[in-house]
Amino acid sequence: MALVNMKELLRQAEAGGFAVGSFSVANMECVRGVIRAAEECAAPVIIQVAEIRLPYSPLHIIGPMMRSAAEHASVPVAVHLDHGKTLDCIREALDLGFTSVMCDGSDLPLEENIALTRQVIEMAGKTGAAVEAEIGRVGRSEDGSDAPEEIASVGDCFRMDETGIDALAVGIGNAHGLYAAAPKLRYEVLEQLKGKLHAALVLHGGTGLTDEQFRRVISLGMRKINIATDIFMAQAEACRGGDVFRNIGASVEAVARTAAGYIKLFGSEGKAGTT
Ligand code: 13P
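Here the structure is a predicted model, which is why all the values come from computation and not from measurement. (Residues numbered from 1 in each chain as written. Predicted model: local features only at pLDDT ≥ 70, side-chain atom pairs only at ≥ 80, totals over all residues. Heavy atoms only, no water.)

A.B. asks: Let's hear about the overall build of the protein chain: which residues, and what values?
C.D. replies: From N to C terminus, the protein chain includes 10 helices and 8 strands. Computed over the C-alpha atoms, the radius of gyration of the protein chain is 17 Å, within 12% of the 19 Å expected from 2.2 N^0.38 for a compact globule of 275 residues. With the principal axes as the frame, the protein chain shows a C-alpha extent of 55 × 40 × 40 Å. When burial is assessed residue by residue, the protein chain has 57% of its 275 residues classed as buried. Restricting to contacts in the protein chain with at least 6 residues of sequence separation, those with at least 24 account for 73%. (Helix = DSSP H or I, 4+ residues; strand = E, 2+ residues; numbered from the N terminus. Rg over C-alpha atoms; globule rule 2.2 N^0.38 Å. Buried < 20%, exposed > 50% of the residue type's maximum accessible area, 1.4 Å probe, protein only. Contact = heavy atoms within 4.5 Å.)

Written as structure tokens, this is what we have:
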């Protein structure tokens with residue numbers, strides 16, 4: 001039984017100066033692949049599903065599967081709702097036992113984003129789940145649809161931190177999906193926040209960043225890094241030809257190899273025993 005609260009993983013990452021990989025999952029193959037990678041690397045890990053993906057992977061089906069997979073894992077696994085946009089969806093995730101939820105009010109004016117986040121903190125307080133908020137805006141939606149990126153204001157990050165959130169996603173020039181070229185990240189935002197927030201910093205849009213960019217943001221305090229596109233591409237590529245059962249095995253393996261690469265890069269390998 002290794003389902004854990006995301007707060008624990010973030011605390012451990014802060015103490016150890018590394019980042020926990022937070023991998024998006026769309027189906028059983030993704031879930032099994034990510035957990036296999038974490039077990040092989042003896043690493044803590046987060047599995048997440050975004051609200052915008054639920055038409056493909058309904059929460060009442062994928063949620064219990066994620067939870068069960070976490071409970072049966074030999075490493076600590078947190079189960080997270082990524083980019084929760086509506087209170088109904090966030091409530092459903094909490095009722096299903098998710099140990100972390102994101103309240104994404106990044107397209108709202110600051111005061112409304114803070115008010116919404118406070119509502120979610122109150123809801124999550126009933127189960128003890130962690131809460132992630134967003135300041136600035138990660139470019140493009142999680143499903144690749146257009147959304148302009150916006151660099152986080154440092155002052156707004158401090159205001160959001162005062163709500164008592166556990167994790168804060170900041171826009172620093174990052175975007176979901178494939179970049180035409182590795183983006184120019186605004187490290188100065190992280191430099192001004194380093195060591196001054198109660199919340200752990202979260203980087204979205206991990207696919208396509210360079211190893212050097214990952215190392216630098218981790219050294220500047222990033223403690224959770226989201227990867228989605230690369231996981232989905234690995235699975236899609238593994239599924240050419242063959243029968244369904246061959247494809248399941250190949251998908252799990254491809255997702256595991258992809259997730260393991262990030263786990264090693266993020267410094268979380270070998271950290272499973274220390275929670
Ligand atoms: P990528 O699809 O760019 O890896 O981004 C993942 C993410 O941030 C999910 O919230």
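Next comes the rest of the account.
A.B. asks: Tell me about the site of the ligand, and name the residues and values.
C.D. replies: Surrounding the ligand, one finds 15 residues, the nearest of these being Asp82, Gly205, Thr207, Ala228 and Thr229. Within the side chain of His204, an N or O atom sits 3.0 Å from an oxygen atom of the ligand. Note that an oxygen atom of the ligand is positioned 2.5 Å from one of the side-chain N or O atoms of Thr229. Relative to its unbound accessible surface of 300 Å², the ligand loses 100% to contact with the protein. Counting only elements with at least two residues in the shell around the ligand, the list comes to strand 3 (77-84) and strand 8 (222-227). Residues that form the shell around the ligand fall into these classes: 3 nonpolar, 10 polar and 2 charged. (Near = heavy atom within 4 Å. Polar contact = N/O pair within 3.5 Å; in protein donor to acceptor, adjacent residues only side chain to side chain. Areas by Shrake-Rupley, 256 points an atom, 1.4 Å probe, with all protein chains shown as cover. Nonpolar A, V, L, I, M, F, W, Y, C, P; charged D, E, K, R; others polar.)

A.B. asks: Go over unusual backbone geometry with me, naming the residues and quoting the values.
C.D. replies: Notably, Ala42 is not glycine yet its phi reads approximately 50 degrees, a positive angle. When you line up the elements, Ala42 lands in the loop between helix 2 (28-40) and strand 2 (45-50). Residue classification places Ala42 among the partly exposed residues on the basis of a relative accessible area of 32%. For His83, which is not a glycine, the phi torsion comes out positive at approximately 45 degrees. Along the chain, His83 turns up in strand 3. Taking relative accessible area as the criterion, His83 reaches 7% and is therefore assigned buried.

A.B. asks: Tell me about the packing of aromatic side chains, residues and numbers included.
C.D. replies: Evaluated as defined, the whole model comprises 4 aromatic pairs. Geometrically, the ring pair formed by Phe23 and Tyr262 is tilted, given 6.4 Å between the ring centres and 55 degrees between the ring planes. Placement of the pair is Phe23 in strand 1 (residues 20-24) and Tyr262 in helix 10 (residues 244-265), with a sequence separation of 239 residues. Relative accessible area serves as the criterion here: at 0%, Phe23 is assigned to the buried category. Residue class for Tyr262 comes out buried when judged on its relative accessible area of 9%. Summarising the aromatic geometry, the rings of Phe214 and Tyr262 are spaced 6.0 Å apart at their centres and angled 85 degrees between planes, so their arrangement reads as edge-to-face. Residue Phe214 is found in helix 8 (residues 211-219), and its partner Tyr262 is found in helix 10; the two are separated by 48 residues along the sequence. With respect to class, Phe214 is no different from Tyr262; both count as buried. In this structure, Arg216 packs its charged tip against the face of Tyr187, placed 4.0 Å from the ring centre. (Phe/Tyr/Trp six-rings, centres within 6.5 Å; stacked < 30°, edge-to-face > 60°. Lys NZ or Arg CZ within 6 Å of the ring centre and 35° of its normal.)

A.B. asks: Quick rundown of the pattern of salt bridges? Include the residues and the values.
C.D. replies: Summed over all chains, the structure comprises 14 salt bridges. Lys85 serves as the salt-bridge partner of Asp104, at 3.4 Å between the closest nitrogen and oxygen. One end of the pair, Asp104, is in the loop between strand 4 (100-103) and helix 5 (110-125); the other, Lys85, is in the loop between strand 3 and helix 4 (87-95), with 19 residues separating them in the sequence. The buried category is assigned to Asp104, whose relative accessible area is 5%. Among the ionic pairs, Glu132 bridges to Lys224, the shortest N-O distance being 2.7 Å. (Salt bridge = Lys/Arg side-chain N within 4 Å of Asp/Glu carboxyl O.)

A.B. asks: Give me the lowdown on the environment of Leu265, citing residues and values where you can.
C.D. replies: You can see Leu265 is positioned in helix 10. Measuring from C-alpha to C-alpha, the distance between Leu265 and Glu212 comes to 9.7 Å, with 53 residues separating the pair along the chain. When neighbours within four sequence positions are excluded, Leu265 is seen to be in contact with Asp211, Phe214, Arg215 and Ile218.

A.B. asks: Could you give me a rundown of helix 3 (residues 59-72), with the residues and numbers involved?
C.D. replies: Across its 14 residues, helix 3 extends 19 Å between first and last C-alpha, which sits within 8% of the 20 Å expected from 1.5 Å per residue. Buried within helix 3 we find Leu59, Ile62, Gly63, Met66, Ala70 and Glu71. Looking at the packing, one finds that the buried side of helix 3 touches helix 2, strand 2, strand 3 and helix 4. (Expected span 1.5 Å × (residues − 1).)

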